[in-house]
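# Coordinates in review
Each chain, letter by letter, is given below.
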Amino acid sequence: MDFDKANASLDTVYTAENPEALKAAYAEWAATYDSETASLGYLLPFLIPAWVARYVPAGEGPLLDAGCGTGLSGPQLKALGYTDIAGLDLSDEMLKIASGRQSYTDLRKAMLGGPLPWADGHFRAVFSTGVFTMGHAPASGLFELARITRKGGHAIFTVRDKVFEGGGFQEVFDGLERQGRWKPVEQSPWFRCYAIAEPDALVRTFVFEVL
């Protein structure tokens, strides 16, 4: 596998200057996304089910994979007994691949940071990996994720180190807590999101209970 090509694809999505540029980058990357990210040792789609399983008993759904990409998390959760999983992504090409995994009951095109096409309190839990990072979803996208999660449900997501401070995430966390909309449950230490490449690329997983 050509590490240079995989890293170039990463650079392209990280430096996207607007949603249209990001869509175009993922449209071009979709066909080789799985193999290239695997070559880098990308962990997050396979690790997030551990946090979902910690807080959401199997059979309690529906769940939302927010920014599902090619749907790498879907089969892992299906194997653990989660059968009612929706996904959203900004890329038609990525959603097409996700659909082929036969793990999602509902796939929709939408972008975090804008309105989401579900009613208040629709989901038992929402989870997201690799989306709150450079050039991607803003911290403000968490307001909609909290809105569509039912009371007593959970929001489970990763945030990249390079956007956590400057991206206003702590301010959004605190604002939702002050409004009585959620409370913090867990935050992981910073950890590597790639087992092979990018040793300095760190993320933290956050879990909130929606109130």
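Note that this is a predicted model, so its numbers are computed, not measured.

### Let's talk about the overall build of the protein
The secondary structure content of the protein amounts to 8 helices and 8 strands. Here the protein, with 211 residues, has 51% of them falling under the buried criterion. Restricting to contacts in the protein with at least 6 residues of sequence separation, those with at least 24 account for 71%. Total accessible area on the protein stands at roughly 9,200 Å², and carbon and sulfur atoms take up 53% of it.

### A short note on the pattern of salt bridges
Tallying each qualifying case throughout the model produces 9 salt bridges. As a salt-bridge pair, Arg160 and Asp161 come within 2.8 Å of each other at their nearest N and O atoms. Taking relative accessible area as the criterion, Asp161 reaches 25% and is therefore assigned partly exposed. Among the charged side chains, a salt-bridge network with shared partners connects Asp120, Glu144 and Arg147.

### Quick look at the side chain of Asp89
You can see Asp89 is positioned in strand β2 (residues 85–89). No salt bridge is formed by the buried Asp89; the nearest opposite charge belongs to Lys109, separated by 8.9 Å. Not counting residues within four places of it along the chain, the set of residues in contact with Asp89 comprises Gly67, Cys68, Gly69, Met94, Leu95, Arg108, Lys109 and Ala110.

### Focus on the pairing of strand β3 (residues 106–109)
Here β2 runs beside β3; their pairing, made up of 4 bridges, is parallel. The residue of β3 that forms the bridge with Ala86 is Asp106. On the question of chirality, the crossover connecting β2 to the parallel β3 by way of helix α5 (residues 92–99) is right-handed.

### Re the packing of aromatic side chains
Evaluation of the coordinates by the stated rule reveals 18 aromatic pairs. Taking 5.7 Å as the distance between ring centres and 65° as the angle between the ring planes, the aromatic pair formed by Phe132 and Phe157 counts as edge-to-face. Of this pair, Phe132 sits in strand β4 (residues 123–132) while Phe157 is found in strand β5 (residues 149–160), placing the two residues 25 residues apart along the sequence. Phe157 sits in the buried class, given a relative accessible area of 1%. Taking 5.9 Å as the distance between ring centres and 75° as the angle between the ring planes, the aromatic pair formed by Phe164 and Trp190 counts as edge-to-face. Here the residue Phe164 occupies a position in helix α7 (residues 161–164), and Trp190 occupies one in the loop between β6 (182–187) and β7 (191–192), the gap between them amounting to 26 residues. What makes Trp190 partly exposed here is its relative accessible area of 31%.

### Observations regarding helix α3 (residues 44–55)
If you check α3, its first and last C-alpha atoms are 17 Å apart, about what 12 residues at 1.5 Å a residue would give, namely 16 Å. Of all the residues in α3, the buried ones are Leu44, Pro45, Ile48, Pro49, Trp51, Val52 and Tyr55. Summarising the axial view, the buried residues of α3 lie within an arc of 165°, below the 170-degree limit, and thus occupy one face.

### Describing the pairing of β4
A large share of β4 lies buried, amounting to 9 of its 10 residues. When strand β1 (residues 63–66) meets β4, the two strands line up parallel, connected through 3 bridges. By the bridge assignment for β4, Asp65 is matched with Phe127. Sheet topology places β4 next to β5; 6 bridges connect them, and they run parallel. What sits directly across from Phe127, in β5, is Ile156. The β-α-β motif built from β4, the intervening helix α6 (residues 141–147) and the parallel element β5 has right-handed crossover chirality.

Cut-off values and rules
Residues numbered from 1 in each chain as written. Predicted model: local features only at pLDDT ≥ 70, side-chain atom pairs only at ≥ 80, totals over all residues. Heavy atoms only, no water. Helix = DSSP H or I, 4+ residues; strand = E, 2+ residues; numbered from the N terminus. Buried < 20%, exposed > 50% of the residue type's maximum accessible area, 1.4 Å probe, protein only. Contact = heavy atoms within 4.5 Å. Areas by Shrake-Rupley, 256 points an atom, 1.4 Å probe, with all protein chains shown as cover. Salt bridge = Lys/Arg side-chain N within 4 Å of Asp/Glu carboxyl O. Lys, Arg positive; Asp, Glu negative; His and termini not counted. Pairing = 2+ DSSP bridges. Right-handed = clockwise from strand over helix to strand, strands pointing away. Phe/Tyr/Trp six-rings, centres within 6.5 Å; stacked < 30°, edge-to-face > 60°. Expected span 1.5 Å × (residues − 1). Arc of directions from axis to C-beta.

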